[in-house]
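Report on the structure
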Amino acid sequence: MKIFLNKSLIAWYFILPVLFIHLFVIAIPSISSLALSLTDFRGMGKLNYIGFENFIELFDDRYFIKAVYHNVIWTIAFLTIPVFVALVCAYLLTGIKRGQLFFRLAFFFPYMLASVVNCQIWKYLFSPIYGIGTVLSGFGLDLFTTSPFTTKEYSLFAVAFVDGWHFWGFLVVIYLTGMYQVDSSLYEAADIEGASKYQKFRYITLPMIRPVLVFTIMIITIWSIPVFDYVFILTKGGPAYSSEVIGTYMYSQAFERFNVGYSSAIGTMMFFYVLIIVGLFGILRRLGWEV
Amino acid sequence: MEVASFRKKELISNYVILGIFAIVSLAPILVLIFNAFKPAVEFGTNPIGLPNNITFQNFPDAWIQGEYSKIFFNSFKLVLGTLILCISVSSLAGFSLAKLNPKGSNLVAIYLLVGISIPAQMFLLPLFLLWKNLGLLNTHIGLIIIYSALNAPFATFLIRSYMIRLPDELFDAAKIDGANILQQFFRVAIPLSWPVLLTSALVVGLAVWNEFLFALTFVQDEELKPISTILFAFSWRFINNQALVSAASIMMVAPVVILFLLFQKKFISGLTSGGVKG
Amino acid sequence: MKKIIDSLLVLSFIFTSSAVFAKTQISWWMEARAERDPIVMEKLVNAYNSSQDEIELVIEFTAQEVLGEKLRTALISGGGPDIVRAAGPSFIKEYQMAGMLENLDSYADQYGWNDKIVPWAYNSGVFDGSLYALPLTYESMIMLYNKTLFAENGWGVPTTLEELENVASKAKAMDMNVYSYGSTGWQPTHEHLVGIYLNNYAGPENVYKALIGEKKWTDPVFVEAIELLRKHMVDEGYWSGSLENYYAIDWDQFHDAFSARDAAMMTIGTWTFQRTEMNFSSIDDDWGWAPLPSLSSNSPNQNFMLAIGTSIGLNPNSKNKDAAASMLNWLFSNKDVVINLSNSLEFAEFNLPLYYEDSDFPTDVNPKIKDFLSTFGKVTGEGNYGYCTWAFWPAEPGVHIWKDMEVVWAGDISVADYMADHQKLWDKARDKGTTLSIPDR
């Protein structure tokens, strides 16, 4: 009996429920799906084992490589602009009394709306017939006369902008939660010493919320790998693959072209990519970050 | 609340910066609100501007045609069920990963991180077959289990990142008082972590409220469908009536806004009354 | 007392449930569409259910984006509706190869379906010598023009490339787009245009040869066809003014733009009839339709491209195959029911490829559409028919033809490279046996 109450075992009992649900719902079905990457499965019917043929084809697939590149851009874009803006706004919010609730709601509102709804709004805004482009050209400004979603130079950034616009308020809420742990007496002490707004942020807030900040960096990096919905609804990865990401490419292979085996091979590559990123976080942890 | 107290002149620049971002966030939403009050015919020629003729008819129409009283209840059940299951398992795991750190827990962290990144298309079909064999298709409990699994890694990590900063002395003190680990969890960790529990509940609940891929695939019975699928069906069944869709979306977000305001009020008052200090 | 009530309850339950179960239910999943669904309920479901009392047809309408995936998932897990519906032959072929469609040969013999359905359409459901699916609607690509506008300016309806480019320059001079069309909401819209240029520039004979493998898609005649499309789309901005606008405009917007004289013409499928009629009913302008112009001497006669929009078959897991087959037979045998249903939809859907006589059509059929139906029969009967990509291309090249068209339009690859890629995918499809049946010419 005693052995089951050993401290380390009890700690494991706390983790087991999550592990059990997750294994059952996601891991086991996913692994059976990974096995399909070695076959020519077309989504139904019989399948043949074809070795690493899918992977060989994949390394030669210029659109897959393009999609991976777009994912990297996406990750970098999301790690910088929304994080910066959300940190600034969360910090400024902790310093005001009036309007707290209003600003919190305003920033978080787009995050509460369903993706289909948000995308529809921006499609109208950028429509070449009715959108802001027509309004602006009325003032003699030739801006947005064509929709950035359908221009190959801008489509990826336009989609990332809309996704980021809906997402950053989420970060504000997370950072505010972290800022709750900051002891206000620290700020009072800093005030007495005449610290500036920036100094208080740099030397009090930032170190205190570091676990939450690192958490968001991690979650953004991880989340940006399977990114799908905003790209799919706004551009379907087009025009001319200019906004294709791994998620939409996988979808197109599996559901438009019925190359389910090939699509699973993409999934497998994604899996290795994630392992590399998680490995990087492991290194950070060794370096003393509270990942 | 006021954590970082600023001087008066700094306050003005605070409001200016925050105001600009509030406009960026909210201005596009105005389009949605305008559209919800337009008659269907006006929408075709004026999809972004102010309504020329205001109508309130879209709301009752969408309410009746979308059978909102039924789907609201279904979604509410799903959200509540998922929150109970997901937040309890996640806070247990988050606590263990933050404070107990058993041997090998690093592997769990890696496993969960990889788990977050798996796209749904990867496991949809095998899961469907599994659910069919278990008789969980067309049930709310089946969806609740899926939603909990989907959101648990995120919630676990968020809760962990908060609990990691809880001072060890509090736990040591409880230990001296004779509290076992479970008691430390319930008496120390949980009461001190309410901000992060509320935040996780908000994010997870919202994800469930807006989810439609699993809801459409795993529930075929019209009686059991949640709110997100109806909105999705709206854009096909009422293809020429985006005004109706806008009204439907506003009704869909309304309960979330109310809950958010209640949650955030609790936050703000919580801090001024002492809250948690490091 | 309680006992009596209980037994009454039990009795009433048995009674009601036996009444419900006396009818064989057959299910059919269909994509949801606002203006169509009530008509289908009234003129198909109710008409059938009241025509007999053994079988009850139940249709479930599902959003189009998820229907295919939902159906496939259900079929794989051994469930699904009795009647399997797919967006045309290439999808049906995938189901057939996976063993998810019932062989219909015995029903075809029993009911004589071969004699009821037009051969080219019937053959679209024949794989490996057996019938697996029936064609639920046939369609073709046409050109619409604003009749009033053309008359005002004395323009003739273009029948050749020269005439087309002539009208195009006149329309542009009036600050009007040549064609109204756009692909938002349905990315495969591009394949409508690719099909038009292949069939009307390279000609149906050449397309036929490529389909059966006697000619390569890298042949100069096809490269020239796509090059002309590229020129008209990118350099000339024929469709909605520019490539970017074509990408940005949806079904509602291009219809509205056409009826508002923002464009002189529209390239579209026959599924447009209901919507176009609706848009023009409230304005003074009138519309007309015409076959697409011939774009080179390879294709001297104007032709109609053949396509099957929807195919239906039977689910092998179904417990009510006989009942479902008899329902299908009822539909394919009752021309009056079909015409009544299809006429309410302006022949945009449920346009079953049966042998019709002029006398089959009631007097309230829209004369424009009646004209189309009879012209289509006459022209294709003379052998002037082409091939729509979604009805004759296997899945993978079928996606490539529209998805990678964007890459050509973007200027990222040359037309020759595009056609070389296309040929590779055809070779692959031939290797794997996913090609569809092509009726002999």
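Residues numbered from 1 in each chain as written. Chains lettered and ligands numbered in written order. Predicted model: local features only at pLDDT ≥ 70, side-chain atom pairs only at ≥ 80, totals over all residues.

The next subject is the overall build of chain A. If you tally the helices and strands in chain A, you get 13 helices and zero strands. Walking chain A from its N terminus toward its C terminus, one meets helices and strands in the order α-α-α-α-α-α-α-α-α-α-α-α-α. Overall size of chain A, expressed as C-alpha extent along the three principal axes, is 80 × 75 × 30 Å. Buried residues in chain A amount to 52% of all 291 residues. Expressed as a percentage of contacts within chain A between residues at least 6 apart in sequence, the contacts between residues at least 24 apart total 65%. (Helix = DSSP H or I, 4+ residues; strand = E, 2+ residues; numbered from the N terminus. Buried ≥ 20, exposed ≤ 12 C-beta atoms within 10 Å, placed from the backbone. Contact = placed C-beta atoms within 7 Å.)

The next point concerns the overall build of chain C. A count of helical and extended segments in chain C gives 22 helices and 12 strands. For 441 residues, the compact-globule estimate of 2.2 N^0.38 gives 22 Å, and the C-alpha radius of gyration of chain C, at 24 Å, lies within 12% of that figure. Principal-axis analysis of the C-alpha atoms gives chain C an extent of 90 × 55 × 40 Å. Put simply, chain C has 441 residues, and 48% of those count as buried. Taking contacts inside chain C between residues at least 6 apart in sequence as the whole, the part at least 24 apart equals 80%. (Rg over C-alpha atoms; globule rule 2.2 N^0.38 Å.)

Our focus in this paragraph is helix H9 (residues 181–192) of chain B. The terminal C-alpha atoms of H9(B), which comprises 12 residues, lie 15 Å apart, in line with the 16 Å expected from a rise of 1.5 Å per residue. Taken together, the buried positions of H9(B) are B:Ile181, B:Gln184, B:Phe185, B:Val188 and B:Ala189. Down the axis of H9(B), the smallest arc covering the buried residues is 125°, so these residues share one side. Turned more than 90 degrees from where H9(B) packs its buried face, B:Leu182, B:Phe186 and B:Pro191 sit exposed. Buried residues along H9(B) sit in contact with helix H1 (7–34) of chain A together with helix H4 (68–100), helix H7 (140–163) and helix H8 (168–176) of chain B. (Expected span 1.5 Å × (residues − 1). Arc of directions from axis to C-beta.)

Attention now moves to the nonpolar core. Of all hydrophobic cores here, the largest spans 294 residues; its most connected members are A:Ala90, A:Val172, A:Tyr175, C:Leu144 and C:Tyr197. Per element, the largest residue contribution to this core is 15 residues, and it comes from H7(B). In terms of domain composition, this core takes at least three residues from each of domain 1 (2–139 + 306–381) and domain 2 (141–305 + 385–432) of chain C. When sequence neighbours within four positions are dropped, the list of residues in contact with A:Tyr175 reads A:Ala86, A:Leu87, A:Ala90, A:Ile209 and A:Val212. (Core = buried A, V, L, I, M, F, W, Y, C linked by C-beta atoms within 7 Å. Domains from an automatic or database assignment.)

All names here are of chain C. Domain boundaries assigned for chain C yield domain 1 (2–139 + 306–381) and domain 2 (141–305 + 385–432). For domain 1 versus domain 2, the separation of C-alpha centres amounts to 30 Å. At the interface, 23 residues of domain 1 touch 21 residues of domain 2. Contributions of two or more residues to the side of domain 1 that touches domain 2 are made by helix H4 (89–97), strand E11 (304–314) and helix H18 (367–381). Per element, the largest residue contribution to the side of domain 1 that touches domain 2 is six residues, and it comes from H18. Its residues assigned to classes, the side of domain 1 that touches domain 2 shows 11 nonpolar, six polar and six charged. (Nonpolar A, V, L, I, M, F, W, Y, C, P; charged D, E, K, R; others polar.)

Helix-helix packing is described using two parameters, namely the angle between the two axes and the distance between the axes. Packing of H1(A) against helix H6 (residues 120–134) of chain B brings their axes to within 8 Å, and their N-to-C directions diverge by 110°. Put simply, H1(A) runs roughly perpendicular to H6(B). Taking contact as the criterion, the partners of A:Val25, A:Ile26, A:Pro29, A:Ser30, A:Ser32 and A:Ser33 in H1(A) are, on H6(B), B:Met122, B:Phe123, B:Pro126, B:Leu127 and B:Leu130. (Axes fitted to C-alpha atoms, helices over the stretch in contact; angles between N-to-C directions. Parallel < 35°, antiparallel > 145°, perpendicular 65-115°, else oblique.)

Cis rather than trans, the peptide bond between A:Gly238 and A:Pro239 has omega equal to -10°. The topology assignment puts A:Pro239 in the loop between helix H11 (229–234) and helix H12 (246–256). Here A:Phe258, not a glycine, exhibits a phi torsion of approximately 60°, which is positive. Residue placement: A:Phe258 occurs in the loop between H12 and helix H13 (260–286). Of note, C:Glu346 is a non-glycine position whose phi angle comes to about 50°, a positive value. Here C:Glu346 shows up in the loop between helix H17 (335–344) and H18.

Interface extent is often summarised as the accessible area lost during association of the parts. Counting residues at the interface gives 83 residues for chain A and 87 residues for chain B. When residues in the side of chain A that touches chain B are grouped by element, the largest group, 18 residues, is from H1(A). Partitioned by chemical class, the residues of the side of chain A that touches chain B number 60 nonpolar, 16 polar and seven charged.

With that out of the way, let us pick up the packing of H12(A) against H13(A). Residue and element names in this part refer to chain A. Here H12 crosses H13 at 160°, and the two axes come no closer than 7 Å. By the angle between their axes, H12 is roughly antiparallel relative to H13. Seen from above, H12 lies across H13 with left-handed handedness. Counting all contacts with H12, which are made through Ile246, Tyr249, Met250, Gln253 and Ala254, the residues of H13 involved are Val260, Tyr262, Ser263, Ile266, Gly267 and Met270. For the contact of H12 with H13, a count of residues per class yields eight nonpolar, three polar and no charged. (Left-handed = near helix turned anticlockwise from the far one by under 90°.)

So, about the confidence of the model for chain C. All names here are of chain C. Summing up the model confidence of chain C, the mean pLDDT is 89 and the portion of residues at 70 or higher is 95%. Confidence drops under a pLDDT of 50 for residues 11–20, and excluding neighbours within four residues, the segment shows zero contacts in the predicted structure. Among the prediction metrics, the complex's ipTM stands at 0.85, with pTM recorded as 0.87. (pLDDT = per-residue confidence, 0-100.)

Residues and elements named next belong to chain C. Judged by pairing direction, the sheet is mixed, and its four strands sit side by side in the order E8-E9-E7-E10 without closing on themselves. Each of the sheet's edge strands pairs with one partner strand only, and the pair in question is strand E8 (177–179) and strand E10 (287–290). Each strand axis lies, on average, 25° off the axis of its neighbour in the sheet, ignoring direction. Both strand E7 (residues 141–146) and strand E9 (residues 263–269) contribute to a ladder of five bridges, which runs antiparallel. Looking at E9, one finds that Met141 is bridged to Gly269. (Pairing = 2+ DSSP bridges.)

To continue, consider the environment of A:Gln181. Within the secondary structure layout, A:Gln181 lies in the loop between helix H7 (155–179) and helix H8 (184–192). Once the C-alpha coordinates of A:Gln181 and A:Thr205 are considered, the two residues, 24 residues apart in sequence, prove to be 9.4 Å apart.

The next subject is the environment of A:Gly169. Of note, A:Gly169 is situated in helix H7. Owing to 25 C-beta atoms within 10 Å, A:Gly169 belongs among the buried residues under this scheme. On a C-alpha basis, the gap between A:Gly169 and A:Pro110 in space is 7.6 Å, while along the polypeptide they are 59 residues apart. When residues no more than four places from it in sequence are discounted, the contact partners of A:Gly169 are A:Phe107, A:Phe108, A:Phe109, A:Pro110, A:Tyr111 and B:Ser25.

Further remarks concern the pairing of strand E6 (residues 134–139) of chain C. Residues and elements named next belong to chain C. Within E6, six of the six residues are buried, leaving the element largely enclosed by the surrounding structure. Bridge count for E6 against E11 is five bridges, and the pairing is antiparallel. Each residue of the ladder has a partner; that of Pro135, found in E11, is Ser311.

All names here are of chain C. A large share of E9 lies buried, amounting to six of its seven residues. Where E8 lies against E9, two bridges are found, and the strand directions are parallel. Among the inter-strand pairings, Asn177 is bridged to a residue of E9, identified as Ala263.

As a further point, take the environment of B:Arg165. Residues and elements named next belong to chain B. Among the secondary structure elements, Arg165 is positioned in the loop between H7 and H8. Under the C-beta neighbour-count criterion, Arg165 is labelled buried, with 22 such atoms within 10 Å. Sequence separation between Arg165 and Lys99 is 66 residues; the distance between their C-alpha atoms is 9.5 Å.

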